[in-house]
Amino acid sequence: MSKMRGRVLIPLPNTGAMGRKRNNFYMRSIFILALCIFGLLQYHNFNYLDSRDAMLSESVTNDSVDAIMSMVPATLHKYLTPHTRNHSVSSAGVQLNSSGSAMVGSGSGSSTTISFEVYRPPNNTEIKRQIARYNEMQLVLNEETFGPLQNDSVIIVVQVHTRINYLRHLIVSLAQARDISKSLLIFSHDFYDDDINDLVQQIDFCKVLQIFYPYSIQTHPHEYPGVDPNDCPRNIKKEQALISNCNNALYPDLYGHYREAKFTQTKHHWWWKANRVFNELEVTRFHTGLVLFLEEDHYVAEDFLYLLAMMQQRTKDLCPQCNILSLGTYLKTFNYYTYHSKTNKKSYASSLISSNSLLGSNRNNYNNNNNNNNNRISQQLTASSSALSSSTSLKNAKVYVGDTSDVDNNNNNNNKNNKMMNNKRTSHMNTVTATSNTNNNNNDNINKNGAQTWNYHVLPSLYSVYQKVESMPWISSKHNMGFAFNRTTWTSIRRCARHFCSYDDYNWDWSLQHVSQQCLQRKLHAMIVKGPRVFHIGECGVHHKNNNCESNQVISKVQHVLRIARNSHQLFPRSLMMTVPSLIKKSKLRKGNGGWGDLRDHELCLNMTLPRR
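In this text, all values refer to a predicted model and were calculated from it rather than measured experimentally. (Residues numbered from 1 in each chain as written. Predicted model: local features only at pLDDT ≥ 70, side-chain atom pairs only at ≥ 80, totals over all residues. Heavy atoms only, no water.)

A few words now on a nonpolar patch on the surface. Residues Phe25, Tyr26, Met27 and Ile30 make up a contiguous nonpolar surface patch of roughly 470 Å² in combined accessible area. Its location among the elements puts Met27 in helix H2 (residues 17-57). Given the relative accessible area of 54%, Met27 is considered exposed. (Patch = residues over 30% accessible without salt bridge, like charges linked within 9 Å, V, L, I, M, F, W, Y side chains within 5 Å. Areas by Shrake-Rupley, 256 points an atom, 1.4 Å probe, with all protein chains shown as cover. Salt bridge = Lys/Arg side-chain N within 4 Å of Asp/Glu carboxyl O. Helix = DSSP H or I, 4+ residues; strand = E, 2+ residues; numbered from the N terminus. Buried < 20%, exposed > 50% of the residue type's maximum accessible area, 1.4 Å probe, protein only.)

Structure below.
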């Protein structure tokens, strides 16, 4: 025992074992974490590759009627099938006599007479009577099926003119949207047409209401607000106008031009329908939810209502200052390289796609010295030299998908353009011409008619389960398509009616931006979705005509974009992610585009804000 008590314990030397164990633990943790991150990246990469394969397989789209119909559920074909009242009897042995009877020959000399009523379109008096009846009745179709409008439901307002073919496809896209049955779909017409009415009244997937702009050119063809015989010609000098004593001779617009009814009608119609929806209809009297504005040549994604609701819910924490939600972002290009396998001996192709023809509102101002006011001003977009050169030299099996950038605001040079072009009215948004660059032969993208053809794909940077949104001040040339606001925002806008109605610009969206800049205490600020849910499919409009206005090419392209997005699970995102937009130039106060100098237009516009309920 004494020996044990006298023993001195000598500490063992520090061999570093504990430090090594600790380091090994850290290394294993880092390795496991890196492995998880790598697995997550691989998962997203596989999704992208699947999307890319789908893109490549769909690179050549078929815009035939049969191909487009095949992309639409059979139950919705009824909206795409014309049932015009103007039937023409073309069967063999059938002759139509002047009394409205058909003489059907049997081939043996005998014939059978079949009597039926020949459709005759209504005259102007009947059209006015029908418009007054519709507006007074305010009949909501399908209300017994889907129930009354809820205060927080989305109201979708579609401005309709005469392009029934595009309207058919808009209706088909709306029919496929989730939760569409909860919405009220309001069609605002400035042209009375029985075929369009039949199409709208055929809708059975939600509540429907038709309203008719009562001051249209159709109902007033030879008097204001149509074309009065004594109206001053557009290009007449003010001195000559005063001598001739034509209407409104004292008040030409900013550029010395006089009123053109076909251009003023759109602004009048937009202002009238907004007042009508918020302040006059009984069904919307207590509505506090969003009102979404569309046009007849738009096309919506099936998750547009889902995403709109998500944006509305996240406004408080993501963008408290936002009072407008935009689903139809204007993008400068879809910029990408497409890889083709070595088996088909094709190289990469770099394509710049015009989003103005796909996502934009093709409205251009009219020219001073050109009698054809429908000619558009186009601007060629070209890629950077490095991107173009790389498109012909890359040989590796990679796919580069470029990000997109917003349309440059060409409006900054508006005043300069007016001087340079001898006071020509320049467009508030130039129409951008699509260009395609192939390896050695640019003719690959030119069809037989000499028209430019193009391809585009869904960008993973725009569509994903984590949907990107951004916020910025509302800009008329970027955020005027597929946007929504509530009654609070409208009340503020309506208080500035004089600014809207007296601003010398025939564009309603530029006038709205003027209201935001000059009158509103709380400026219009938008939350914009980066992956657009509203597309523009119209190839012809008020300000320009195309060689083939009934072309289905853009419709087919949009269908394929949404199909790829759907198959790649890029719709119905789980959450929103606010991104920081690029440097935003401060929006300058601009002189209007003119076309709105007539005091009669100012007065009519202001009268639309008078309470009528």
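Attention now goes to unusual backbone geometry. Cis peptide bonds are those with omega within 30 degrees of zero, and the linkage from Tyr224 to Pro225 qualifies with 10°. Secondary-structure assignment places Pro225 in the loop between strand E6 (207-212) and helix H9 (238-244). For Asn245, which is not a glycine, the phi torsion comes out positive at approximately 60°. Summarising the element assignment, Asn245 is placed in the loop between H9 and helix H10 (261-279). For Asn245, a relative accessible area of 58% translates into the label exposed. In the Ramachandran plot, Asn248 falls in the positive-phi region, its phi being about 60° despite a non-glycine side chain. Overall, Asn248 belongs to the buried group, its relative accessible area being 17%.

Turning to the UniProt feature "binding site: substrate" (unreviewed entry) in the chain, a few remarks are in order. Sites flagged by UniProt as "binding site: substrate" (unreviewed entry) map to Gln159, Val160, His161, Thr162, Arg163, Asp190, Gln265, Thr266, Lys267, His268 and His269. Within the fold, His161 resides in the loop between strand E4 (155-160) and helix H7 (164-175). The exposure class of His161 is partly exposed, given its relative accessible area of 30%. Each residue touching His161, except ones within four places of it in the same chain, is listed here: Asp190, Phe191, Ile196, Gln265 and Glu296. Within polar-contact distance, the side chain of His161 engages the side chain of Asp190 at 2.7 Å. With respect to the helices and strands, the residue His269 is situated in helix H10. Residue classification places His269 among the buried positions, given a relative accessible area of 0%. Setting aside chain neighbours within four positions, we find His269 in contact with Gln159, Val160, Ser188, His189, Asp190 and Tyr213. Within the structure, the side chain of His269 is placed 3.5 Å from the side chain of Gln159, a separation counted as a polar contact. (UniProt positions renumbered as here; feature names shortened; annotations may be inferred. Contact = heavy atoms within 4.5 Å. Polar contact = N/O pair within 3.5 Å; in protein donor to acceptor, adjacent residues only side chain to side chain.)

Next up on the list: the packing of aromatic side chains. For the coordinates displayed, the defined rule picks out 20 aromatic pairs. Pairing Phe293 with Phe483 gives two aromatic rings, centres 5.5 Å apart and planes at 25°, and the pair type is stacked. Taken together, the residues Phe293 in strand E7 (residues 291-295) and Phe483 in strand E16 (residues 483-485) connect sequence positions 190 residues apart. Of the two residues examined, Phe293 and Phe483, each falls in the buried class. Every member of this aromatic cluster is reached through a ring pair, and the members are Trp270, Trp271, Phe278, Phe293, Trp474, Phe483, Phe485, Trp490, Phe500 and Trp508. Looking at Lys267, its charged tip hangs above the ring of Phe500, at a distance of 5.1 Å from the centre. (Phe/Tyr/Trp six-rings, centres within 6.5 Å; stacked < 30°, edge-to-face > 60°. Lys NZ or Arg CZ within 6 Å of the ring centre and 35° of its normal.)

What follows deals with the state of the cysteines. The bond known as a disulfide is covalent and runs between the sulfur atoms of two cysteines. Overall, the coordinates contain four disulfides when judged by the stated rule. With its sulfur 1.9 Å from that of its partner, Cys232 forms a disulfide with Cys246. Measuring the twist about the S-S bond at about 95°, one finds the Cys232-Cys246 disulfide to be right-handed. Taken as a pair, Cys232 in the loop between E6 and H9 and Cys246 in the loop between H9 and H10 lie far apart in primary sequence, 14 residues in all. Its relative accessible area of 8% is what places Cys246 among the buried residues. The side chain of Cys319 participates in a disulfide bridge whose partner is Cys322; the two sulfur atoms lie 1.8 Å from each other. Across the disulfide from Cys319 to Cys322, rotation about the S-S bond amounts to roughly 70°, and the bridge is consequently right-handed. (Disulfide = S-S within 2.5 Å.)

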